Amino acid sequence: MSFPVAANKLERLATLKNLRILDTDAEITFDTLTEIATIHFSSPIVTISLVDEERQWFKSHPGLGACQTDRDLAFCNYTILSSDIYEVTDASKHPTFKENILVTSEPNIRYYCGAPIIVDGVVVGAFCIIDSVPRQAMTSEDRKLLTGLAYLTAHLMVSHRILSDSKVSLEMQENQRLKSLGVMVAGLAHEINNPLGIALAAITHMSQIAANLRKNVVNLKPTDLADFLEDEEIAFQLIFDNLRRASNLVEGFKDIAADRVLDERKEINLQDYIHSIEQSLKPALKNANCKLNYDIDPTISMQVNTGSLSQLITNVVLNALIHAFDGQKDCRIQIVGKQESQNIILKISDNGKGIPADVLPNLFTPFYTTRRADGGTGLGLYVSRQIATDILKGSLSVQNLPDKGCEFTLQVPRH
Ligand SMILES: Nc1ncnc2c1ncn2[C@@H]1O[C@H](COP(=O)(O)OP(=O)(O)OP(=O)(O)O)[C@@H](O)[C@H]1O
Ligand SMILES: [Mg+2]
């Protein structure tokens, strides 16, 4: 190795790699800086050189054909050793460079002046002024200007990194979104396929029986007709149940995909708002013979997407009516609302059977339901949690109560 190596070699290379700028295309911003230098210093060659492990690579290099050279040949090896400008006024007379092939042949370097490009405290390369004729040492004003250009270059490189990081993170988010959408659509297709398949099989079966009946219509016995009607009743029930399930799934999916632009965000008084939800739930509560009490701090007002909030609360309350009570006599649901610092905490609890241990970890998983046969889609709580996190920017969790039943906790920012 014919060049000195900086003590912080590994840190230097890591910082350089981390810029993710090596081998990228030319960019007008960097080319503008080298153009300014070309004009100001009347320099035939100007380079923005980045010193990699075994090469120096040029982000911008007017006047020089090659876009990189071997590290062995680089004058910049000396510039990156300190945070000061490194200058060679006549390379043909310099002990280190007089044999250098860049001096003895094209581009016949005589003059070199490099200002270190410093990123995160380490020197990753140099902004270089190069000439094929010897020059006087640079004036202090020009040294300042060159240092300024190197400083701007470092800044540009850091912005370049931030921009490429945010591009990558946006791409990752988009990929993640598409992936979850893909999983969701595949799951939905699978879930819808089952009930539709069953309904189709039932219809096919019935049409075969009807065709047979028609063929033998002259010899038909009354018992044959009775058998047919009995089969038909079972088949219709099967078809009805399964089509209802498919339709519920589509409804649930509409909830997930719903365009919530119309979901107005407005200032509400929480107590009044819960009162209006209670009114809308009255028929269902009466049907299930269940009492709903609410205890909301009357001073709480909040900014919220009202449609989404009511959808979430309704989901959780209806779930209690469907899943919690299993024919129990004294059925109660309670909603408690209070403010903690800048958050609103809404707790919806029931005095039902609680969530069984094997159900608890799957509660918010799409398509997880213990009531598949009754038309449950298993999308209700999944959608509710999506609403809580994505729309209301809060969280939804659940826990079993020590006595009896379970409690859903919604936490949302007040504004
Ligand atoms: N209050 C509750 N008490 C006991 N179990 C509950 C309660 N709420 C929900 N569950 C359980 O959580 C499961 C998932 O609920 P989720 O709302 O996601 O689906 P679902 O109600 O079965 O179907 P749907 O998509 O029609 O709402 C339910 O099937 C039920 O087993
Ligand atoms: Mg539900």
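Every chain is numbered independently, its residues counted from 1 as its sequence is written. Chains and ligands are labelled sequentially in the order written, the chains with letters from A and the ligands with numbers from 1. Owing to the predicted nature of the model, reporting of local features is limited to residues with pLDDT of at least 70; listing and counting of side-chain atom pairs is limited to 80 or more, with chain, interface and lining totals taken over all residues.

### Quick word on the overall build of the protein chain
Put simply, the rule is: A run of DSSP states H or I qualifies as a helix once it reaches four residues; a run of E qualifies as a strand once it reaches two. Both are numbered from the N-terminal end. C-alpha atoms define the radius of gyration, and 2.2 Å times the number of residues to the power 0.38 defines the globule rule. Think of it as a crowd count around each C-beta: if 20 or more other C-beta atoms lie within 10 Å the residue is buried, if 12 or fewer it is exposed, and in between it is partly exposed, with C-beta placed from the backbone throughout. A residue pair is marked as a contact if its C-beta atoms, positioned from the backbone, fall within 7 Å.
In terms of regular secondary structure, the protein chain is built from nine helices and 13 strands. Over its C-alpha atoms the protein chain spans a radius of gyration of 37 Å, topping by over 25% the 22 Å that the globule rule assigns to 415 residues. Over its C-alpha atoms, taken along the principal directions, the protein chain stretches across nearly 120 × 70 × 35 Å. Going through the 415 residues of the protein chain one by one, you find that 29% of them count as buried. For the protein chain, contacts bridging at least 24 residues in sequence account for 65% of all contacts bridging at least 6.

### A closer look at the sheet that holds strand 6 (residues 122–131)
Consider a sheet: its strands pair through backbone hydrogen bonds, and that pairing is either parallel or antiparallel. For clarity, the threshold we go by: A pair of strands is labelled paired if DSSP reports no fewer than 2 bridges between them. Orientation is described by axes fitted as lines to C-alpha atoms, over the contacting stretch for helices, and by angles from 0 to 180 degrees between their N-to-C directions.
Spatially, six strands are ordered 3-2-1-6-5-4 in an open sheet, and the strand pairing comes out antiparallel. Of all the strands in the sheet, the pair left with one neighbour each is strand 3 (68–70) and strand 4 (86–88). Across the sheet, the axes of successive neighbouring strands diverge by a mean angle of 25°, strand direction being ignored. Where strand 1 (residues 45–51) meets strand 6, six bridges bridge the pair, whose relative direction is antiparallel. When the bridges of strand 6 are listed, Ile45 appears paired with Ile130. Strands in contact with helix 1 (residues 9–18) are strand 1, strand 5 (111–119) and strand 6; relative to strand 6, the strand with the most contacts, it is inclined by about 80°.

### Structural notes on the site of ligand 1
Where we set the bar: Near residues are defined by distance alone, with the backbone-placed C-beta atom required to lie within 6 Å of the molecule or strand. Polarity classes work like this: nonpolar for Ala, Val, Leu, Ile, Met, Phe, Trp, Tyr, Cys and Pro, charged for Asp, Glu, Lys and Arg, and polar for all others, with Gly in that last group.
The environment of ligand 1 is made up of 24 residues, and the closest members are Thr369, Thr370, Gly376, Gly380 and Leu381. Taken together, the elements giving at least two residues each to the shell around ligand 1 come down to helix 6 (222–257), helix 8 (306–324) and helix 9 (380–391). Grouping the constituent residues of the shell around ligand 1 by class yields eleven nonpolar, eleven polar and two charged.

### Re the nonpolar core
Soluble globular proteins tend to pack their nonpolar side chains together in the buried interior. The test is simple: Put simply, a nonpolar core is a cluster of buried Ala, Val, Leu, Ile, Met, Phe, Trp, Tyr and Cys residues tied together by C-beta atoms within 7 Å.
One finds Tyr112, Ile117, Phe127, Cys128, Ile129 and Leu146 to be the most contacted residues of the largest nonpolar core, which totals 43 residues. Take this core: its biggest share by element is seven residues, from strand 6. Not counting residues up to four positions away in its chain, the partners in contact with Ile129 are Ala37, Phe41, Ser43, Val46, Cys113 and Leu146.

### Description of unusual backbone geometry
As a rule of thumb, non-glycine residues mostly have phi less than zero, and peptide bonds are mostly trans rather than cis. Along the chain, Glu106 connects to Pro107 via a cis peptide bond; the corresponding omega equals 0°. Looking at where Pro107 falls in the secondary structure, it is placed in the loop between helix 4 (101–104) and strand 5. The phi dihedral of Ser42 falls on the positive side, at around 45°, and the residue is not glycine. Looking at the element boundaries, Ser42 is found in the loop between helix 2 (28–41) and strand 1. With 10 C-beta atoms packed within 10 Å, Ser42 lands in the exposed category. At Asp326, a position not held by glycine, the phi torsion is positive, near 45°. A tally of 8 C-beta atoms within 10 Å means that Asp326 is categorised as exposed.

### Quick look at the sheet that holds strand 12 (residues 395–400)
Read across the sheet, five strands follow the order 8-10-11-13-12 without closing on themselves; strand pairing throughout is mixed. The open sheet has two edge strands, strand 8 (290–296) and strand 12, and neither has a second partner. The mean inter-strand angle of the sheet, taken between neighbouring strand axes irrespective of direction, is 15°. Bridging between strand 10 (residues 331–340) and strand 11 (residues 343–350) involves eight bridges; their strand directions are antiparallel. The residue bridging Lys338 from the neighbouring strand is Ile345, located in strand 11. Strands in contact with helix 7 (residues 270–287) are strand 8, strand 10 and strand 11; relative to strand 8, the strand with the most contacts, it is inclined by about 175°.

### Observations concerning the packing of helix 8 against helix 9
This is how the line gets drawn: Throughout this description, any angle smaller than 35 degrees is read as roughly parallel, any larger than 145 degrees as roughly antiparallel, any in the 65 to 115 degree range as roughly perpendicular, and the remainder as oblique. Throughout, a crossing is termed right-handed when the near helix is turned clockwise from the far one, and left-handed when it is turned anticlockwise from it by less than a right angle.
It is the contact of helix 8 with helix 9, at a shortest axis distance of 9 Å, that shows an interaxial angle of 150°. Taken together, helix 8 and helix 9 sit at an angle that is classed as roughly antiparallel. For the element pair helix 8 and helix 9, the recorded crossing hand is left-handed. In this structure, helix 8 contributes Ser308, Gln311, Leu312, Asn315, Val316 and Asn319 to the contact, and helix 9 contributes Gly380, Leu381, Val383, Ser384, Ile387, Ala388 and Ile391. A breakdown of the residues in the contact of helix 8 with helix 9 according to their chemical character gives seven nonpolar, six polar and no charged.

### Examining helix 2
The following threshold applies: Residue count minus one, scaled by 1.5 Å, sets the expected span of a helix. The arc in question is the one traced by the directions running from the helix axis out to the C-beta atoms.
Taking 1.5 Å per residue as the helical rise, helix 2 with its 14 residues ought to reach 20 Å, and the 20 Å between its terminal C-alpha atoms agrees with that figure. All of the buried residues along helix 2 are Phe30, Leu33, Thr34, Ala37 and Phe41. Seen from one end, helix 2 has its buried residues packed into an arc of 90°, which puts them on one side. Those residues of helix 2 that are exposed and angled more than 90 degrees off the buried face are Ile28 and Ile39. In the segment just after helix 2, Ser42 is the residue with positive phi, at about 45°.

### Concerning the packing of helix 7 against helix 8
Between helix 7 and helix 8, the least distance of the axes is 11 Å, while the angle of their chain directions is 30°. Relative to helix 8, the element helix 7 lies roughly parallel. Here helix 7 and helix 8 pass one another in a crossing that is right-handed. On the side of helix 7, the interface is formed by Ile277, Leu281 and Ala284, while helix 8 contributes Ser310, Ile313, Thr314, Val317, Leu318 and Leu321. Of the residues belonging to the contact of helix 7 with helix 8, the class tally is seven nonpolar, two polar and no charged.

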